[in-house]
Amino acid sequence: MADSAQAQELVYLVTGGCGFLGEHVVRMLLQQEPRLRELRIFDLHLGPWLEELKTGPVQVTAIQGDVTQAHEVAAAVAGAHVVIHTAGLVDVFGRASPETIHAVNVQGTKNVIEACVQTGTQFLVYTSSMEVVGPNIKGHPFYRGNEDTPYEAVHRHPYPRSKALAEQLVLEANGRKVRGGLPLVTCALRPTGIYGEGHQIMRDLYQQGLRLGGRLFRAIPASVEHGRVYVGNVAWMHVLVARELQERAALMGGQVYFCYDKSPYKSYEDFNMEFLGPCGLRLVGTRPLLPYWLLMLLAFLNALLQWLLRPLLLYAPLLNPYTLAMANTTFTVSTDKAQRHFGYEPLFSWEESRTRTVRWMQTMDSSAQ
Ligand SMILES: NC(=O)c1ccc[n+]([C@@H]2O[C@H](COP(=O)([O-])OP(=O)(O)OC[C@H]3O[C@@H](n4cnc5c(N)ncnc54)[C@H](O)[C@@H]3O)[C@@H](O)[C@H]2O)c1
Ligand SMILES: CC(C)CCC[C@@H](C)[C@H]1CC[C@H]2[C@@H]3[C@H](O)C=C4C[C@@H](O)CC[C@]4(C)[C@H]3CC[C@]12C
């Protein structure tokens, strides 16, 4: 027992710990990080589920705060050994202004870095995104690429632009001296499209399918591959990186890693059907029902309507020129960098990831009736 008592010495902070990914990271840390003494969860909106975590052996501290407020971030970071920064404004639908996206994703990340430097926190893991690479606006395919695959990254949309800037800040901060003189060690993880329990878009698509009499209509050719990764494996990768960064700083510091697992390569819609199918939905059409030019026209009409209606109401449908380009451009990764650098293997097989996601959707299904 002396060993485990000695081992429980680390303080972790998870920003955005009440979000879709953040909650999985929090739960994974509690399960898989035996050296944890205190887990701080920092979020703009705290979830009620945090209460149930407070009865365990690890001290769970919930902090309601805003990453754009430097003093709030510094107070939360002070005394933490590791920061996992997942907080972000994920918006590709035009719900938030470009300024707000920049403030949360870029200024928020700057605040986290400065807080580490000022308070002496040495390890920072940043949740980046595949979108710092692509798909680009030219629609170039990225077919099973890795961290070294050349690709013309062009960012026009506020969300990917903000993620790219924030990632760059995190990587450039690697090696800066933190309070006490030790070097800051940082790295960035780039998930592809995350799915799993708690995925809001999957929920929305399910509800849309129900409204359409149990059908969804194919919009994108089945041959367009879209990278997906299970949330439990993304969380596991964060936990592992945070742990191994402390042992392999020279190798891992300043590095980026795609988040991957054994989820199959499929189109966005066919992949979703792996979960929506068992819940009774059907994807109509082996080919897109509408020609691409018509979908593009509808996407532009949606963008125009959003702009016209903005003074009156927020109109933010799933389809806009950016989301259409994302769904319609092949972007998949195939890499073993995380395995080589820190021994990552997915914790959940594809079958388990699918079962867990379907089970979650079916619970939602019965609670909706
Ligand atoms: N969902 C995906 O497919 C995906 C893919 C790649 C990368 N990511 C990245 O993963 C991270 C988590 O994304 P998610 O899908 O869980 O999104 P999410 O919206 O579910 O979670 C983000 C969390 O950050 C919090 N947050 C937002 N603004 C904040 C602020 N100003 N101060 C403090 N907290 C704030 C939110 O309250 C929320 O709990 C993001 O950084 C996102 O860019 C997500
Ligand atoms: C064209 C319509 C028929 C379908 C629209 C689907 C669209 C809403 C989906 C397609 C691809 C999705 C993005 C992709 O999985 C990866 C990411 C990266 C991540 O950082 C944030 C979420 C995001 C942008 C997904 C959002 C929803 C998208 C655009």
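Residues numbered from 1 in each chain as written. Chains lettered and ligands numbered in written order. Predicted model: local features only at pLDDT ≥ 70, side-chain atom pairs only at ≥ 80, totals over all residues. Heavy atoms only, no water.

Asks: Any chance you could explain the pairing of strand β5 (residues 123–127) here in plain terms?
Replies: Among the five residues of β5, five are classified as buried, and the element is accordingly described as predominantly covered. Where strand β4 (residues 82–85) lies against β5, four bridges are found, and the strand directions are parallel. Residue pairing in the sheet places isoleucine 84 in a bridge with valine 125 of β5. Between β4 and its parallel partner β5, the chain crosses via helix α5 (residues 98–119), and the hand of that crossover is right-handed. Both β5 and strand β7 (residues 185–191) contribute to a ladder of five bridges, which runs parallel. Across the sheet, phenylalanine 123 pairs through a bridge with valine 185, a residue of β7. (Buried < 20%, exposed > 50% of the residue type's maximum accessible area, 1.4 Å probe, protein only. Helix = DSSP H or I, 4+ residues; strand = E, 2+ residues; numbered from the N terminus. Pairing = 2+ DSSP bridges. Right-handed = clockwise from strand over helix to strand, strands pointing away.)

Asks: What exactly am I supposed to notice about the pairing of strand β11 (residues 255–259) here?
Replies: The two faces of the sheet receive side chains in turn, since in a regular strand these alternate between them. A large share of β11 lies buried, amounting to four of its five residues. In this sheet, β11 lies alongside β7 in parallel orientation, the contact comprising five bridges. Its bridge partner being in β11, leucine 189 is matched across the sheet by tyrosine 257.

Asks: How do you make sense of the environment of alanine 153 when you look at a structure like this?
Replies: You can see alanine 153 is positioned in the loop between β6 (142–145) and α6 (158–173). Residue alanine 153 is classed as partly exposed on the basis of its relative accessible area of 41%. For alanine 153 and proline 321, which are 168 residues apart along the polypeptide, the C-alpha to C-alpha distance reads 18 Å. Once residues within four sequence positions are removed from consideration, alanine 153 is found in contact with Val132 and Val133. (Contact = heavy atoms within 4.5 Å.)

Asks: Just to check I follow, could you spell out the site of ligand 2 for this structure?
Replies: Every one of the 16 residues lining ligand 2 counts as a neighbour, but Ser129, Glu131, Tyr159, Gly193 and His226 are closest to it. At a separation of 2.8 Å, an oxygen atom of ligand 2 approaches a polar side-chain atom of serine 129. Within the side chain of histidine 226, an N or O atom sits 2.7 Å from an oxygen atom of ligand 2. Taken by itself ligand 2 offers 620 Å² of open surface, and the protein chains cover 87% of this. No other element matches helix α12 (residues 321–327), which puts four residues into the shell around ligand 2. For the shell around ligand 2, the per-class residue count stands at eleven nonpolar, four polar and one charged. (Near = heavy atom within 4 Å. Polar contact = N/O pair within 3.5 Å; in protein donor to acceptor, adjacent residues only side chain to side chain. Areas by Shrake-Rupley, 256 points an atom, 1.4 Å probe, with all protein chains shown as cover. Nonpolar A, V, L, I, M, F, W, Y, C, P; charged D, E, K, R; others polar.)

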